[in-house]
Every structure is written in structure tokens, then in C-alpha cells.
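# Report on the structure
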Amino acid sequence: MLETTIAAIGPLDGAAMSTARQLQTRLTKPAGSLGLLEELSVRLAGLAGTCPPPLPSPAAVAIFAGDHGVHAQRVTPWPQEVTVQMVGNFLAGGAVVNAFARQAGATVTVVDVGVATPLPTPDDHPPTGDAPVAAPGGVRGHGRVDVPRLVDANVRRGTRDMTVTAALTRDEARSAVEVGIRIAGELIDGGAALLVTGDMGIANTTPAAALIAAFTGVDAAEATGRGTGVDDPTYQHKIEVVRAALLRHTPDPTDPLGVLAAVGGLEHAALTGLLLGAAARRVPVLLDGVIAVSAALAAAALAPDAVGAMIAGHRSAEPGATVALRQLGLTPLIDLGLRLGEGTGALLALPVVTGAVRVLHEVATFDSAGVAEK
């Protein structure tokens, strides 16, 4: 699955991009007056291979959840149990990502790709009222926009401690990537015109920092942030943990699957697959924060043309996110100092993406509107 997906990823369509650029010059506005939105619309035309590109609606959020062995190194004060508790909160519709998804009219799919604690099955809690119900394929959910669904795709119950051994075997990393590819295909086949990355995993900013450092070559201190807001001693310790993992494994950025196995997380690997799967289907993906952009580096290393499907939703407050975006050549649409994850920042940027495309669909040209040009 991985190889065939990579083989299906191609460059942006130059002819469609040229048409979009020409159209932008004929619309009733000063040339370049929409700033980054103009180039975004051009890129989306190139991805779709047509101008104007399809409106990015409906959107679907995929939240990949996993736990991390490096939690044992005390890189965060939050207990690991919060991961499974937050999965429950997502499914109940009570998290920030749920509120933003309802605002955007986006569906929410929660994928257990590596949660350490087994999640309750539908049989454990018979559905009542609006509780999620069983559905085919190991999925719970109503199929309604306002009811999240759960996909059981657990590869293993959390990663190993990357400071002691490789976080994953190569086969486990591949399996998680292929979970993401499969989810991308399912969401697109279900009608999604744009995917939004989401994540949940206590301690997951630590492997994200290690991935960013491995793929970009920066020092651990430049790639590592405070995550949930750790104090100074914990932050310094976290940097040393990332540095120790990199020294132990010396991951090779030309071997992306090996990097994911050595220092990645299951949600990072699955997000890598989601990005590859969407790029193969030429559907845009709105990147959220530092977890998503660390996965984007892995996807770009596996298939450089996959970057054409990526849109940087926002600039995370985590410093590693800026490092990764610079490496990817992506400019974030908004910068609000966010560092929550879940897909929240990307969802807030969704109207910006929609607006960029809607301009090409709906704004009159100087000729059609009878407006004089300069």
C-alpha cells in the first residue's frame, strides 16, 4: 500500500496554475491585493488540475491518538491516562476541536492508532440517546456531522521509550503509516474535499521535536518546545531527552521510515500516511500544529511532491513548528500563538482556505463587470 500510494503522487499541474494566475490578474481587484490567498488559490488549482479548483467542502478532521514510552522520562507533568480520557472527550463532543469542527461544519473521526489503554467497545457501554453506536469496519458513530466516530486501528499499545530503544519496529511504523493512508481514502471516498490533521497523545511533542531535528538537522534545543507548558527545569530536561534519543539512534533523514521507527510516534506515522494518501488522491490537507508538521517532514521525505497537497493552517507556538515549516517551504495562514493540537488551529484557518478558492469561483472579471482597469 505504501509504495503504490507514493507512486501515485505527482507534481502540481502547471497549466492549471498558469490559468489561475492569469485569472487572478483579471479579477476586479488590484493585482496581488489578496496576498498569500492568491498563491494559495493557484496551488489548489494545480493540485486539482483545474481552474477554479473545487471548493474545499465538506472538510473532515482525522484525530490520530497514541501514547509514548518516552513519557517515562518525565518530559511532561500530565499523566498518560489523559490520552484515553481525551479520546472519550472527543467522542462525547466536549473538546475544543469538537467546538471548532461544529463551527466549520466538519466531521470528526478519532483513530486509535496507539493508545496504551484499551478503549471501551460498544458492547461495554450499550448506546443510549445520542451515544455513538456500532458501525461496520470497527467504527463507532452515527455518520452524522455532529457525532464523532471512533476507528479502532491500534498498531500497538503505545511506543517504546526512544531513549532506551527504537520507539517502533520498522514494520510497526509502516503499519501506522498505512493506517493513515487507509483513513485518508475512507474520508475522501465518503465525500471529504479537504482533510484536517488532528492528534492526541500525552508526551507527543517530544518525538515531534526529535523528528524535526532528524529531518532538518537543527539542534534539539531549536526543535523542542514546552508542549503543554512545562516549567524551566522540565523544559531543559526535555531537550536533553530529545538529544539523547537522537544520539542513540542517529536517524538517517534519507530513510524516513527508519526515522519514524527510531524516534516517532504512532500518531506521527499515521499522520504521515494521511498526508501521502491525500496527496495521491490530489485532495488538500490542512496542517495543524507541531505534531502535524513533524509528520509532514516524513511525508515530504518519502514523496517530495506530497508537499503540494499541504496547507499550513497556523504557526504553532512550538518553535519546532517554525523550523519544520521553513524546511517545507510553507507559510502559515494564521498566527495566534496556539499550541493545543487536536486540529484546532487548522480548523480556524479553514474559512481562509475556502475564501481563497471562492474568489476564483465568484469574483467578476473587469470585462464581465464593466469595470475599468488602470
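We now examine the overall build of the protein chain. Per the secondary structure count, the protein chain includes 15 helices and eight strands. In terms of overall dimensions, the protein chain has C-alpha extents of about 70 × 50 × 40 Å along its principal axes. Put simply, of all contacts in the protein chain between residues at least 6 apart along the chain, 77% involve residues at least 24 apart. Of the roughly 14,500 Å² of accessible surface on the protein chain, a fraction of 55% belongs to carbon and sulfur atoms. Placing the 26 positive and 35 negative side-chain charges of the protein chain at their respective mean positions leaves the two points 3 Å apart.

Turning next to the pattern of salt bridges. Tallying each qualifying case throughout the model produces 17 salt bridges. One salt bridge connects Lys29 with Glu38, and the closest N-O pair in it is separated by 2.7 Å. Each of the two residues, Lys29 as well as Glu38, counts as buried. Through salt bridges with shared partners, a single ionic network connects Glu3, Arg174 and Glu178.

Attention now moves to the nonpolar core. Membership of the largest hydrophobic core comes to 86 residues, with the highest contact counts inside it found for Phe64, Ile183, Leu195, Leu276 and Met310. It is helix H12 (residues 290–302) that provides the largest number of residues to this core, a total of 11 residues. Residues Leu40, Ala59, Ala65 and Leu194 belong to the second largest nonpolar core, which totals 33 residues.

So, about helix H7 (residues 205–216). Its 12 residues give H7 an end-to-end C-alpha distance of 16 Å, which sits within 8% of 16 Å, the value for a rise of 1.5 Å per residue. Among the 12 residues of H7, 12 are classified as buried, and the element is accordingly described as predominantly covered. Of the positions making up H7, those classed as buried are Thr205, Thr206, Pro207, Ala208, Ala209, Ala210, Leu211, Ile212, Ala213, Ala214, Phe215 and Thr216. Considering only its buried residues, H7 is in contact with helix H8 (220–223), helix H9 (232–249), helix H10 (256–263), helix H11 (266–280), H12 and helix H13 (319–328). Residue Gly217 follows H7 closely and has a positive phi angle near 85°.

With that out of the way, let us pick up unusual backbone geometry. In this chain, Cys51 is followed by Pro52 through a cis amide linkage whose omega measures 0°. Here Pro52 is to be found in the loop between helix H3 (36–48) and strand E1 (59–66). Look at the link from Ser57 to Pro58: it is a cis peptide, with omega at 5°. Phi angles above zero are rare outside glycine, and Thr250 is one such case at about 35°. Here Thr250 is to be found in the loop between H9 and H10. If you check the backbone angles, Arg282 has positive phi at about 60° while not being a glycine.

Mean pLDDT over the protein chain stands at 92; residues scoring 70 or higher make up 93%. Scored below 50 in pLDDT, residues 123–143 makes 37 contacts in the model with residues more than four places away or belonging to other chains.

Turning our attention to helix H6 (residues 170–189). When the terminal C-alpha atoms of H6 are compared, their 29 Å separation across 20 residues agrees well with the 28 Å that a helix rising 1.5 Å per residue should span. Restricting attention to buried positions, one finds in H6 the residues Glu172, Ala173, Ala176, Val177, Val179, Gly180, Ile181, Ile183, Ala184, Gly185, Leu187 and Ile188. Phi turns positive, to about 110°, at Gly191, one or two residues after H6.

Rules behind the numbers
- Residues numbered from 1 in each chain as written.
- Predicted model: local features only at pLDDT ≥ 70, side-chain atom pairs only at ≥ 80, totals over all residues.
- Heavy atoms only, no water.
- Helix = DSSP H or I, 4+ residues; strand = E, 2+ residues; numbered from the N terminus.
- Contact = heavy atoms within 4.5 Å.
- Areas by Shrake-Rupley, 256 points an atom, 1.4 Å probe, with all protein chains shown as cover.
- Lys, Arg positive; Asp, Glu negative; His and termini not counted.
- Charge placed at Lys NZ, Arg CZ, Asp CG, Glu CD.
- Salt bridge = Lys/Arg side-chain N within 4 Å of Asp/Glu carboxyl O.
- Buried < 20%, exposed > 50% of the residue type's maximum accessible area, 1.4 Å probe, protein only.
- Core = buried A, V, L, I, M, F, W, Y, C linked by side-chain atoms within 4.5 Å.
- Expected span 1.5 Å × (residues − 1).
- pLDDT = per-residue confidence, 0-100.

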